[in-house]
Amino acid sequence: MIHGSLASVESDSWQSLLASSITDPRTLLERLNLDPALLGPAMLASADFALRVPEPYLARMQPGDVHDPLLRQVLPVGEELLAQPGYQLDPLGEQQTNARPGIIHKYHGRLLLIVSGGCAINCRYCFRRHFPYEDNNLSTAEWQQALDYIRSDTSLSEVIYSGGDPLAANDRRLAWLTREIADIKHIRRLRIHTRLPVVIPQRVTGGLIDALCATRLPVTMVLHCNHANEIDQHLGAAIQRLRAAGMTLLNQSVLLKGVNDQLQQQLELSEKLGDHGVLPYYLHVLDHVKGAQHFHVDDQQAQRLVGQMLSKLPGFLVPRLVRETAGCAGKSPLPVELIE
Ligand code: SF4
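Scope of this entry: the structure provided in the associated data block. Remember, it's a predicted structure, so these values are computed and weren't measured experimentally.

### Section: the nonpolar core
Part 1 of the argument: Leu 113 and Tyr 161 are the most contacted members of the largest nonpolar core, which has 78 residues in total.
Part 2 of the argument: Counting residues per element, this core draws most heavily on helix H8 (residues 171-182), which supplies 5 residues.
Part 3 of the argument: Leu 263, Leu 267, Val 297 and Val 306 belong to the second largest nonpolar core, which has 15 residues in total.

Here it is as structure tokens:
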């Protein structure tokens, strides 16, 4: 492959960035010159769901600003430990649809493969923050069984790499898996849901592109970017490489109080995604996962926000406002009307 000799150097680089991520709340606060009084709650909340922030993501935060929209997504806070009626460990009931280790089969015609249980960043609002990833680390035999499951269900036409973050897996694993899936005749498309290129753009190596794009399957990558400040020149360059490889690029985000719940923030995110040729796909209302209530935005405000976006942006830059509900075979769109 044309990228062969570069691949290992680039690969070492992203792997060392992954390994050197900040996991100690004290380090995070010190690096950003933040009030040490934040440490106590951060330690308590991170005992429930660990802190993890990679350096390239930290570099996009504003030192001294506790309200920085990127910091808010990763900083463990005391509010996470308050009683949160209606907020659950598994808000989407995924443990019922965990058909076998490594597979979540909840939609018609497509299924999710848990390619990696690891993430490059721990997002405090994550609906899988309590997911039992340890039960989904597959042995070689279990990978074969997961592939057999896909082979035997001819109603499937799409495989979605999910996680954790599927791009936390190494290129060799991804290349092998993608070849195996491409050999299954009834699979027509591959989709990858990932936040890794956003938080460590160096992950987008020639080796990764070869691993994903070397088969007959058309590849769609759905990035997970919540705020325009997440899109810097490094992510821009990574997106350019992905597009040059022929991938379709979409973005999904989660509507988060204090991060992206203002009209200007959503407009800027859509415009910046559009600048880079990435189409806003979904804007999710928050899943009611235990520990995330402080991010909640009510439905009316969400609908008003997207209604206002419709009057300011071309339709293709307005994401669909959706909710995911346990037991439903797809995401439900929330009604939105144009607001002048
Ligand atoms: S990267 Fe995705 S799966 Fe991982 S913690 Fe963030 S939202 Fe959850």
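And the narrative resumes.
### Topic: helix H13 (residues 299-312)
Part 1 of the argument: The end-to-end C-alpha distance of H13, which contains 14 residues, comes to 20 Å, matching closely the 20 Å that a straight helix rising 1.5 Å per residue would cover.
Part 2 of the argument: Burial in H13 covers these residues: Ala 302, Leu 305, Val 306, Gly 307 and Met 309.
Part 3 of the argument: Of the surrounding elements, those touching the buried residues of H13 are helix H12 (263-275), strand S7 (279-284) and strand S8 (320-323).
Part 4 of the argument: Looking at where H13 begins, the residue whose side-chain oxygen comes 3.2 Å from the main-chain nitrogen of Gln 300 is Asp 298.

### Some remarks on the site of the ligand
Part 1 of the argument: In the vicinity of the ligand, the contacting residues are Cys 119, Ile 121, Cys 123, Cys 126, Gly 164, Arg 195 and His 224.
Part 2 of the argument: Taken together, the residues that form the shell around the ligand break down as 4 nonpolar, 2 polar and 1 charged.

### Quick look at the pattern of salt bridges
Part 1 of the argument: Overall, the coordinates contain 14 salt bridges when judged by the stated rule.
Part 2 of the argument: With its nearest N and O atoms 2.6 Å apart, the salt bridge here joins Asp 148 to Arg 151. Of this pair, Asp 148 and Arg 151 are both found in helix H7 (residues 140-152), 3 residues apart, which corresponds to roughly one turn of the helix.
Part 3 of the argument: Owing to a relative accessible area of 40%, Asp 148 belongs among the partly exposed residues under this scheme.
Part 4 of the argument: In this structure Arg 151 comes out as partly exposed when scored by relative accessible area, which is 34%.
Part 5 of the argument: A salt bridge links Glu 180 to Arg 151, with the nearest nitrogen and oxygen atoms 3.3 Å apart. Of this pair, Glu 180 sits in helix H8 while Arg 151 sits in helix H7; the two residues are 29 residues apart in sequence, bridging distant segments of the chain.
Part 6 of the argument: Linked through salt bridges whose partners overlap, the residues forming this network are Asp 48, Glu 80, Arg 124 and Arg 129.

### Some thoughts on the packing of H7 against H8
Part 1 of the argument: Axis separation between H7 and H8 bottoms out at 11 Å; the angle between their running directions is 30°. Judged by the inter-axis angle, H7 sits roughly parallel to H8. Note on packing geometry: the crossing formed by H7 with H8 is right-handed. Contact residues: Trp 143, Gln 144, Leu 147 and Arg 151 in H7; Arg 173, Trp 176, Leu 177, Glu 180 and Ile 181 in H8.
Part 2 of the argument: In terms of residue class, the contact of H7 with H8 is made up of 5 nonpolar, 1 polar and 3 charged.

### A short note on the sheet that holds strand S9 (residues 332-333)
Backbone hydrogen bonds hold the strands of a sheet together, and the pairing may be parallel or antiparallel.
Part 1 of the argument: Read from one edge of the open sheet, 9 strands run S1-S2-S3-S4-S5-S6-S7-S8-S9, paired in mixed fashion. Across the chains shown, the open sheet's two edge strands, defined by having one partner strand only, are strand S1 (103-107) and S9.
Part 2 of the argument: Here S7 pairs with S8 via 3 bridges, running parallel. Its bridge partner being in S8, His 284 is matched across the sheet by Val 322.
Part 3 of the argument: Sheet contacts for H7: S1, strand S2 (110-116) and strand S3 (158-163); angle to S2, the most-contacted strand, approximately 165°.

What counts and how
Residues numbered from 1 in each chain as written. Predicted model: local features only at pLDDT ≥ 70, side-chain atom pairs only at ≥ 80, totals over all residues. Heavy atoms only, no water. Core = buried A, V, L, I, M, F, W, Y, C linked by side-chain atoms within 4.5 Å. Buried < 20%, exposed > 50% of the residue type's maximum accessible area, 1.4 Å probe, protein only. Helix = DSSP H or I, 4+ residues; strand = E, 2+ residues; numbered from the N terminus. Expected span 1.5 Å × (residues − 1). Contact = heavy atoms within 4.5 Å. Polar contact = N/O pair within 3.5 Å; in protein donor to acceptor, adjacent residues only side chain to side chain. Near = heavy atom within 4 Å. Nonpolar A, V, L, I, M, F, W, Y, C, P; charged D, E, K, R; others polar. Salt bridge = Lys/Arg side-chain N within 4 Å of Asp/Glu carboxyl O. Axes fitted to C-alpha atoms, helices over the stretch in contact; angles between N-to-C directions. Parallel < 35°, antiparallel > 145°, perpendicular 65-115°, else oblique. Left-handed = near helix turned anticlockwise from the far one by under 90°. Pairing = 2+ DSSP bridges.

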